[in-house]
Amino acid sequence: MDASQGNEEQRMQIRGKIAELYAPESAGLLNSIKLAEEAGLPNMRISPIHGKFLQVLVATINARTILELGALSGYSGIWLASALPSSGRLITLESNPLHVQVTRRAFSEAGLADRTEVREGKALDLLPQLEGQPFDFIFIDADKINYVEYLNWALKLSRPGSIIVADNCIPSGTMPRFPEPGSEETIEEYNRQVAANPNLVSLALPIDDSQLDGFCISVVRQ
Ligand SMILES: C[S@@+](CC[C@H](N)C(=O)[O-])C[C@H]1O[C@@H](n2cnc3c(N)ncnc32)[C@H](O)[C@@H]1O
């Protein structure tokens, strides 16, 4: 074993310990994974450490309303909605009808039907319907090619103190990670815009180096 393999193994052990201690998956989360696998959905969900980090952010601002773009099987939605008070609300936008079906079932079986809503359609078609109701927390995790437009909507649909998080947002240089051509450039542009926006305090942060990805976190200035 060379030194780099040893370091990698050590990092994995530390990650495992952190995940086990701080981010154990609830029955609802494990069920969302099982439903996704049974339905043949791709594994594109966030990691448990990412999920717990989202919960920490939601708790930090005592968020009561959350908007998510891109549900898949409701895995990240369950982390987010579980951090809400019972009177809170998460709306998630999802374009794939099968993913919508799995997510609705996963939310219901996680006991979160009362505070969650899954809207079916392309996010850019659905977002105008949400105008006028600012969200405390917005999680962007749909198609990467539209991230800059999603940022414009997130700015419209937030208020001072809101937090906007975008997944897969660590600029990767030239390495292509996403199917739609132009996605890497869009992510670079997303980073440039949030970093330069005087109304936001932002940072791109690798949360869990089991993925080459991370979150871009922006707080809307008070
Ligand atoms: C990376 S997955 C979401 C993973 C999920 N947030 C999680 O961590 O559990 C991206 C999802 O966005 C959906 N999606 C892709 N393009 C979309 C669009 N234009 N509008 C809404 N949803 C879209 C895909 O169908 C897929 O379910």
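All of the points below concern the structure found in this document. (Residues numbered from 1 in each chain as written. Predicted model: local features only at pLDDT ≥ 70, side-chain atom pairs only at ≥ 80, totals over all residues. Heavy atoms only, no water.)

Focus on the pairing of strand 1 (residues 65–69)
Heads up, the rule is: Only protein chains enter the area calculation, which uses a 1.4 Å probe; residues under 20% of their type maximum are buried, those over 50% are exposed, and those in between are partly exposed. Elements are defined by DSSP. Helices are runs of H or I of four residues or more, strands are runs of E of two residues or more, and each kind is numbered from the N terminus. One requirement defines pairing of two strands: DSSP has to find at least two bridges between them. We call a crossover right-handed when, viewed with both strands directed away from the observer, the connection leading from the first strand over the helix to the second proceeds clockwise.
For strand 1, a buried count of four out of five residues is recorded, marking the element as mostly surrounded by other parts of the structure. Where strand 1 meets strand 2 (residues 89–94), five bridges bridge the pair, whose relative direction is parallel. Across the sheet, I66 pairs through a bridge with L90, a residue of strand 2. Handedness of the crossover is the feature at issue here: the chain leaves strand 1, passes through helix 4 (residues 75–82), returns alongside strand 2, and the resulting connection is right-handed. Pairing between strand 1 and strand 4 (residues 137–140): four bridges, direction parallel. Each bridged residue has a counterpart across the sheet, and for E68 the counterpart in strand 4 is F139.

With respect to the sheet that holds strand 5 (residues 163–166)
Applicable threshold: Axes, fitted as lines to C-alpha atoms, cover a helix only where it is in contact. Angles between the N-to-C directions of the axes lie from 0 to 180 degrees. Every residue pair with non-hydrogen atoms within 4.5 Å of one another is taken to be in contact.
An order of 3-2-1-4-5-7-6 is seen for the seven strands of this open sheet, with the pairing classed as mixed. With one partner strand each, in any of the chains shown, strand 3 (116–120) and strand 6 (200–205) form the two edges of the open sheet. Mean inter-strand twist for the sheet, computed between neighbouring axes without regard to direction, equals 15°. Relative to strand 3, strand 2 runs parallel, the two sharing five bridges. Counted as the bridge partner of E94 is E120 from strand 3. Sheet strands touched by helix 7 (residues 147–156): strand 1, strand 4, strand 5 and strand 6. Its angle to strand 4, the strand with the most contacts, is close to 175°. Where helix 8 (residues 183–196) meets the sheet, it contacts strand 4, strand 5, strand 6 and strand 7 (215–220), and its direction lies at approximately 30° from that of strand 7.

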